[in-house]
Amino acid sequence: MTAVPDRLVPPEGGFTADDLDRMPGLPPHTESIDGSLVLRSPQKYFRSPAVYLLDQGLRATAPPELRVLRGMSVVLGRRDRPEPDLSVVRADAVTEEAEETGFPASAVVLAVEVVSPDSVERDRDTKPRKHAQAGIPHFWRVEKAEGRRPVVYVYELDPATDTYAVNGIHHDRLKVGVPFPVDIDLTEIDRFSGSQGLPAGQMR
């Protein structure tokens, strides 16, 4: 058995969202959920083309007052700082003066999570629940259907209960009007064959 490094053992009360910025040497994409560190395992191929497809679709129609981001964490609360695969934030939250490593929930209008085999429960239950409680108005959960095509579950916040309601389940085409008009042909993922289908630097 390999001992867990002391720096990865949660202190009394758990880690805080700010601790991620103060702990050198953490693996990329480390999250804090309920005060515990969550380390990302090696990912299946499906994640890369799915994230790329949605990223390009969102960027194509996002209005000037919003920004589409990859790999940026979101502070949901004192002990919760997940890293959605994609997030859409208010442009005024992206400042030139600060080197942001994450954004407050109040700046986020949409979070997108692609479900991984090692994070099914977190992606289907824990993260949507916490994003809703933090007041993020829109959340998309992306899962792999037959072959490598994505299914996108679209959720919208019910402010009366601080919970998400399903606003649609999209298979071949993702067409929604909120948080802004989006129309993505999900079957386009078929064009991605190995790394040739993605521009350099998009595989992760």
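Residues numbered from 1 in each chain as written. Predicted model: local features only at pLDDT ≥ 70, side-chain atom pairs only at ≥ 80, totals over all residues. Heavy atoms only, no water.

Looking at the overall build of the chain
When its secondary structure is counted, the chain shows 3 helices and 12 strands. Going through the 204 residues of the chain one by one, you find that 46% of them count as buried. With the model as given, the accessible surface of the chain reaches about 10,700 Å², and the carbon-plus-sulfur share is 50%. (Helix = DSSP H or I, 4+ residues; strand = E, 2+ residues; numbered from the N terminus. Buried < 20%, exposed > 50% of the residue type's maximum accessible area, 1.4 Å probe, protein only. Areas by Shrake-Rupley, 256 points an atom, 1.4 Å probe, with all protein chains shown as cover.)

Concerning the packing of aromatic side chains
All told, the structure shown has 3 aromatic pairs when counted by the stated rule. Taken together, Phe139, Tyr155 and Tyr164 form an aromatic cluster joined through their ring pairs. The cationic tip of Arg141 hangs over the ring face of Tyr153; the distance from NZ or CZ to the ring centre is 4.1 Å. (Phe/Tyr/Trp six-rings, centres within 6.5 Å; stacked < 30°, edge-to-face > 60°. Lys NZ or Arg CZ within 6 Å of the ring centre and 35° of its normal.)

Brief notes about the layout of surface pockets
Of the pockets and cavities examined, the largest pocket occupies roughly 190 Å³. Every residue lining the largest pocket is counted, 13 residues in all, and those nearest its centre are Lys44, Phe46, Val115, Pro117 and Lys144. Considered as a void within the structure, the second largest pocket measures approximately 160 Å³ in volume. Residue classes in the lining of the second largest pocket are distributed as 4 nonpolar, 5 polar and 3 charged. (1 Å grid on protein atoms, 1.4 Å probe; cavity = no way out; pocket = protein on both sides within 12 Å on 5 of 7 lines; lining within 4 Å. Points joined across faces, edges and corners; volume = space filled by probe spheres on them. Nonpolar A, V, L, I, M, F, W, Y, C, P; charged D, E, K, R; others polar.)

Regarding the pattern of salt bridges
Side-chain pairs of opposite charge can arise whenever the charged atoms involved come near each other. For the structure shown, the criterion picks out 13 salt bridges. Asp55 is the salt-bridge partner of Arg59, the closest N and O atoms lying 2.6 Å from each other. Here Arg59 pairs with Asp55, and both are found in helix 2 (residues 47-61), just 4 residues apart, close to one helical turn. The exposure class assigned to Asp55 is buried, which follows from its relative accessible area of 3%. Two residues, Asp172 and Arg149, come together in a salt bridge whose shortest N-O distance is 3.6 Å. (Salt bridge = Lys/Arg side-chain N within 4 Å of Asp/Glu carboxyl O.)

Focus: the sheet that holds strand 7 (residues 108-114)
Taking strand neighbours across the sheet as the criterion, the 6 strands line up as 3-5-7-8-9-10 in an open arrangement whose pairing is mixed. The open sheet is flanked by strand 3 (66-70) and strand 10 (163-170), the only strands paired with a single partner. Strand-to-strand twist in this sheet, taken as the mean axis angle between neighbours without regard to direction, amounts to 20°. Along the sheet face, helix 2 touches strand 3, strand 5 (86-90), strand 7 and strand 8 (138-144) and points at about 170° away from the line of strand 3. Strands strand 7, strand 8, strand 9 (150-158) and strand 10 of the sheet are contacted by helix 3 (residues 120-133), whose axis makes an angle of about 170° with strand 8. (Pairing = 2+ DSSP bridges. Axes fitted to C-alpha atoms, helices over the stretch in contact; angles between N-to-C directions. Contact = heavy atoms within 4.5 Å.)

With respect to the environment of Thr30
You can see Thr30 is positioned in the loop between helix 1 (19-22) and strand 1 (31-33). Overall, the relative accessible area of 10% leaves Thr30 in the buried class.

Concerning the confidence of the model for the chain
Across the chain, pLDDT averages 85, with 82% of residues at or above 70. Predicted confidence for residues 193-204 stays below pLDDT 50, and this span has 22 contacts to residues more than four positions away or in other chains. (pLDDT = per-residue confidence, 0-100.)

What about the pairing of strand 8?
Counting buried residues in strand 8 gives 6 out of 7 residues, a clear majority hidden from the surface. Relative to strand 8, strand 7 runs parallel, the two sharing 5 bridges. Note on strand 8: the bridge partner recorded for Ala111 is Phe139. Between the parallel pair strand 7 and strand 8, the chain is carried across by helix 3, and the sense of this crossover is right-handed. Examined bridge by bridge, strand 8 and strand 9 share 7 bridges and lie antiparallel to one another. Residue pairing across strands places Phe139 opposite Tyr155, the latter belonging to strand 9. (Right-handed = clockwise from strand over helix to strand, strands pointing away.)

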